[in-house]
Amino acid sequence: MRTIRNGLVLALGITMTALGATACGSGGDSSTPPAAGPNEHVDLTLATFTEFGYEALIPEYERLHPNIKITHRKTGQGGPYHEDLVTKLAAGSGLADVTALEEGHLSDFLDKGSKFNDLSKIGPADASPDRWLSWKYDAAKTKDGKLIGYGTDIGPLAMCYRKDMFQAAGLPTDPEAVKPLFATWDSYFQAGADFAAKTKKAWFDSAAQNFNAMVNQLPQGYIGTDDKLAVESNQGIKDAWTKVTDAVAKGESAKLTAFSNEWNTGFKQGAFATKVCPAWMLGVIKEQAGPENAGKWAVTAAFPGGGGNWGGSYLTVPTQSKHPKEAAELAAWLTAPEQQIKAFQAKGTFPSQVKALTDPALLSKTDDYFGGTKVGELFAEQAKKVQKPQYKGPGDGQIQENASSPALQAVEQGKSAADGWNQMVDAAKKITR
């Protein structure tokens, strides 16, 4: 499910271990095995976690390539999957020929480029950079320009809200009319302060959810381009912290931990009025709010501060593969726009390919739960608002999971904003030392 795939990967817990001195950040494998002959039988393995929508695509590829047999290793949870990936990467064996990697973990592998094939060199010509949104493609490059992954899906950000709660508070409810409320983070939190004061109800679900979205919009995150901790020196992070904790003090947060049982129940009970909403979140809302709340939730093509992304994955070809060329061709085919549209239709994985974003099958997709909104067109519009990838150095995802989120939860439970900030900084230093 998308909830696990793009939301719980970090929430499930990440314990990344050092890969040793051999895991350098550049270079390639000079002993790349030669490609198989046109009629030579090739066994390939494909490893994914949760739902990528490839079940029908695998036999289709085998029909098109009779000499290739694909074994699909599908793992149910993203957290254990990536922990196992780290172990096998360090061991030098055991990885699949095509190995999926979630974007939340990407920063922990980009400095280990020698462990992956450069797809810009061994991949087919049609897998050129212009296939993907530029920010999606560029995010998978190492510092020296090596491409370690082909982009699969993305999670462009919009805002979801409860129309009935807006109406009760005297706020507009039409998706176009509410856009000014979500124009900037200042307008968003000001609207939330007014809403909380008037209704005594929460404006958003979790301080950490909004803070993470705000930090992800910055040019660089918790780690600087020198791969050193930048929490204290990054003014954007400090400003985001101040705005979010001020909102908590004004009663805007429901103080829920994302993906907890209480958070799940909060959707059904109307515990909060707005939600940071990547494309895959629509499925979460429908599942957790239930059929009795159909039509109460709406989504609008607006997000504070412009565009943003939360979620998505890549297909890599580790240097462990004995058939890197054939593996790269499979990865390229699976991430072609035609196949990603089929994956979207099968599992709702929102495509990252430029051509796919103009496909009628995507643009015509509507969702009755959200009032018949053309959600395909809406999120395609939001995807184009993301300008460039944020630089995320090693440990970035761990800081989000194990430093900033717990610190914000502590503030929600009564700790001062200043003490919460110190808690986050101290925890981040322990992660990166």
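Residues numbered from 1 in each chain as written. Predicted model: local features only at pLDDT ≥ 70, side-chain atom pairs only at ≥ 80, totals over all residues. Heavy atoms only, no water.

## A short note on the state of the cysteines
- Taken as a whole and judged by the stated rule, the model has one disulfide.
- Residue pairing for cysteine 160: its cysteine sulfur links by disulfide to cysteine 277, the two sulfurs lying 2.1 Å apart. Of note, the bridge from cysteine 160 to cysteine 277 carries an S-S torsion of about -75 degrees and is left-handed in sense. In this pair, cysteine 160 is assigned in strand β4 (residues 150–162) and cysteine 277 in strand β5 (residues 274–278), connecting sequence segments 117 residues apart.
- For cysteine 160, a relative accessible area of 0% gives the class buried.
- A relative accessible area of 0% places cysteine 277 in the buried class. (Disulfide = S-S within 2.5 Å. Helix = DSSP H or I, 4+ residues; strand = E, 2+ residues; numbered from the N terminus. Buried < 20%, exposed > 50% of the residue type's maximum accessible area, 1.4 Å probe, protein only.)

## Section: the domain arrangement of the chain
- Looking at the assigned domains, one finds that the chain contains domain 1 (42–154 + 311–364) and domain 2 (156–309 + 368–432).
- In this structure, domain 1 and domain 2 have C-alpha centres spaced 28 Å apart.
- Summed over both sides, the interface between domain 1 and domain 2 buries roughly 1600 Å², with carbon and sulfur atoms accounting for 62% of that surface.
- Summed over the shared surface of domain 1 and domain 2, the number is one salt bridge. (Domains from an automatic or database assignment. Buried area = accessible area lost by both parts, 1.4 Å probe. Salt bridge = Lys/Arg side-chain N within 4 Å of Asp/Glu carboxyl O.)

## A closer look at the packing of helix α2 (residues 57–64) against helix α12 (residues 324–334)
- In contact at an axis separation of 11 Å, α2 and α12 are set at 125 degrees when each is read in the N-to-C sense. Considering their axes alone, α2 and α12 lie oblique with respect to each other. The element α2 and its partner α12 pack so that their crossing is right-handed. Of the residues in α12, those in contact with Leu57, Glu60, Tyr61 and Leu64 of α2 are Glu326, Glu329, Leu330, Trp333 and Leu334.
- Considering only residue class, the contact of α2 with α12 consists of six nonpolar, no polar and three charged. (Axes fitted to C-alpha atoms, helices over the stretch in contact; angles between N-to-C directions. Parallel < 35°, antiparallel > 145°, perpendicular 65-115°, else oblique. Left-handed = near helix turned anticlockwise from the far one by under 90°. Contact = heavy atoms within 4.5 Å. Nonpolar A, V, L, I, M, F, W, Y, C, P; charged D, E, K, R; others polar.)

## A closer look at the environment of alanine 361
- Locating alanine 361 in the fold gives a position in helix α14 (residues 360–363).
- In this structure, the C-alpha to C-alpha distance between alanine 361 and glutamate 377, residues 16 residues apart in sequence, is 9.9 Å.
- Contact partners of alanine 361, with chain neighbours within four places excluded, come to Ile341, Phe344 and Gln345.

## Quick look at the pattern of salt bridges
- Considering all chains together, one arrives at 20 salt bridges under this definition.
- Lysine 347 is the partner of glutamate 51 in a salt bridge, and the nearest nitrogen-oxygen pair spans 3.7 Å. Linking glutamate 51 in the loop between β1 (42–49) and α2 with lysine 347 in helix α13 (residues 337–347), this pair joins segments that are 296 residues apart in sequence.
- With relative accessibility at 18%, the residue glutamate 51 sits in the buried group.
- Since its relative accessible area comes to 37%, lysine 347 is described here as partly exposed.
- As a salt-bridge pair, lysine 325 and glutamate 329 come within 2.6 Å of each other at their nearest N and O atoms. Residue lysine 325 and its partner glutamate 329 are both found in helix α12; the two are separated by four residues, about one turn of the helix.
- According to the relative accessible area criterion, lysine 325 is partly exposed, its value standing at 37%.

## A look at the packing of aromatic side chains
- A full pass over the atoms with the stated rule returns 29 aromatic pairs.
- When the ring of tyrosine 188 is compared with that of phenylalanine 189, the centres are 5.3 Å apart and the planes differ by 65 degrees; the resulting orientation is edge-to-face.
- Phenylalanine 189 gets classed as buried once you look at its relative accessible area, which sits at 7%.
- Note on tryptophan 263 and phenylalanine 267: the rings are 4.8 Å apart at their centroids and 85 degrees apart in plane angle, and the pair reads as edge-to-face. Here phenylalanine 267 and tryptophan 263 lie together in helix α10 (residues 261–269), a separation of four residues that amounts to about one turn. Phenylalanine 267 matches tryptophan 263 in its accessibility class, with the two residues each being buried.
- An aromatic cluster is defined as three or more aromatic residues linked by ring pairs; in this entry it consists of Tyr161, Phe166, Phe182, Trp185, Tyr188, Phe189, Phe195, Trp203, Phe204 and Phe303.
- Its guanidinium or amino end placed over the ring of tryptophan 132, arginine 131 lies 5.3 Å from that ring's centre, counting from NZ or CZ. (Phe/Tyr/Trp six-rings, centres within 6.5 Å; stacked < 30°, edge-to-face > 60°. Lys NZ or Arg CZ within 6 Å of the ring centre and 35° of its normal.)

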